[in-house]
Amino acid sequence: MRPERGGLPAAVSSRGAILLGGRVEADGYAGRLVRVVTHAHEDHTIGLASSSRRALFVVATPVTLRFLSVLGKRVPPHKVLELDYDRPVEVDGERLTLRRARHIAGSAQVEVEGSGFRVGYTGDFKLPGTPPMRDLDVLVVDATYGSPASQRRWGEWDAIAALASLVEEGLRMGTVYIYGFNGKLQEVMVELRVRGVSAPFAADPRTVQLARIASEFYGVSVDPLVTHDKVVDGEPVVVFAHTSRFRSSRRRPGLHLRLTGMELRGVVYRVSDNVYNVSFSDHASFREVIEYIEEARPRRVIVDAYRGREARFTAKYIERRLGIPAEAQP
Ligand SMILES: [Zn+2]
């Protein structure tokens, strides 16, 4: 084992790589033997091209690997190590296991065990649905919402229920547009189908492809689902589009719904006559981050400051409230 900063067997590098034990880098490049991709989001595939050249293996769940290929992130086939949840693999004296995380389809937590240490990284997650990794010497945690100031006052269920009723209402008048990030859009498709929304869904070809993969993962059909070139303005169809499409599409007739965990004014916030923000997030709220750590009881916590905005506050809070030594890195 090559101990990291301060002698700890885990660290977050200045370029956002999570270093676990002596062999594994997760979600960033650090020139190590094994690269793990916890899920297919952009801020977790940093340096993947470099890792693909340098590392011996690129490890991810089967769904994440399929997502990556749809998103055009190529990993040389001879370096791909497809790993299901809870199936440990031994690499040069260290044991690597992916654990389930609820975030987007295929998301994983990472656990690495070596001689005399056991460390873990949550990746992006939310609760419930992400079993805490226990008995860790060091836990590296994602805290997208890192303080009580960003705490939503409603649960995910309230947000989905509010979204479903807005969608039903909008469909009575015509087309409904839902904007969100990859992964979140596909999860919402599934959640709406589960709640009985039966209108046709439409999206760009890439979003449709990701939805087909996610639908298999969740075990819920998202049909009827077509590509959006088949949609006529005003038809009762739910169009799913990447958040970046909002500016160019918002003038179209219909109801426009933006999914954003940053909306704290209400579970649904009316921006204008036909534009609403729905406060739905794929990340643990601040309270859930604390809840996870409380249950996991690691001996030490590192809060990922590369991705979280309030990591230093979060670390201080963990030390004071839970009595667990904690720091923000990098
Ligand atoms: Zn993510």
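Residues numbered from 1 in each chain as written. Predicted model: local features only at pLDDT ≥ 70, side-chain atom pairs only at ≥ 80, totals over all residues.

1. Some points on the sheet that holds strand β11 (residues 138–141)
Point 1. Pairing is mixed across the open sheet formed by seven strands, whose spatial order is β7-β8-β9-β10-β11-β19-β20. The open sheet has two edge strands with one neighbour each: β7 (89–91) and β20 (326–329). For this sheet the average axis-to-axis angle between neighbouring strands, irrespective of direction, equals 20 degrees.
Point 2. Pairing of strand β19 (residues 301–304) with β20 involves four bridges; the strand directions are parallel. Its bridge partner lying in β20, Val 301 is registered against Ala 326.
Point 3. Sheet contacts for helix α8 (residues 311–322): β19 and β20; angle to β20, the most-contacted strand, approximately 170 degrees. (Pairing = 2+ DSSP bridges. Helix = DSSP H or I, 4+ residues; strand = E, 2+ residues; numbered from the N terminus. Axes fitted to C-alpha atoms, helices over the stretch in contact; angles between N-to-C directions. Contact = placed C-beta atoms within 7 Å.)

2. Notes on the packing of helix α2 (residues 62–70) against helix α5 (residues 205–218)
Point 1. Axis separation between α2 and α5 bottoms out at 10 Å; the angle between their running directions is 175 degrees. Between α2 and α5, the angle falls in the class roughly antiparallel. Side by side, α2 and α5 meet where Val 63, Arg 66, Phe 67 and Val 70 of the first sit next to Arg 206, Gln 209, Leu 210, Ile 213 and Phe 217 of the second.
Point 2. Broken down by class, the residue content of the contact of α2 with α5 amounts to six nonpolar, one polar and two charged. (Parallel < 35°, antiparallel > 145°, perpendicular 65-115°, else oblique. Nonpolar A, V, L, I, M, F, W, Y, C, P; charged D, E, K, R; others polar.)

3. Let's talk about the sheet that holds strand β13 (residues 201–203)
Point 1. Pairing in this open sheet of seven strands is mixed, and the strands run β14-β13-β15-β12-β16-β18-β17 from one edge to the other. For this open sheet the edge positions go to β14 (225–227) and β17 (268–272), each flanked by a neighbour on one side alone. Averaged over neighbouring strand pairs, the angle between their axes works out to 25 degrees when direction is ignored.
Point 2. Where helix α4 (residues 184–194) meets the sheet, its contacts fall on β12 (176–180), β13, β15 (238–242) and β16 (255–259), and the angle it forms with β12 comes to roughly 135 degrees.
Point 3. Where α5 meets the sheet, it contacts β13, β14 and β15, and its direction lies at approximately 155 degrees from that of β14.

4. Looking at α2
Point 1. Residues Val 63, Thr 64, Leu 65, Arg 66, Phe 67 and Leu 68 constitute the buried set of α2.
Point 2. Elements in contact with the buried residues of α2: β5 (57–60), β6 (80–82) and α5.
Point 3. Just downstream of α2, Gly 72 is the residue with a positive phi angle, here 80 degrees. (Buried ≥ 20, exposed ≤ 12 C-beta atoms within 10 Å, placed from the backbone.)

5. Digging into the domain arrangement of the chain
Point 1. Taken as a whole, the chain is organised into domain 1 (5–149 + 284–329) and domain 2 (156–278).
Point 2. Each of domain 1 and domain 2 has a C-alpha centre, and the two are 29 Å apart.
Point 3. The interface of domain 1 with domain 2 comprises nine residues on the first partner and 11 residues on the second.
Point 4. By residue class, the composition of the side of domain 1 that touches domain 2 is six nonpolar, two polar and one charged. (Domains from an automatic or database assignment.)

6. Thoughts on the environment of Asp 158
Point 1. Here Asp 158 lies in helix α3 (residues 156–173).
Point 2. Placed 120 residues apart in sequence, Asp 158 and Thr 38 show a C-alpha to C-alpha distance of 28 Å.

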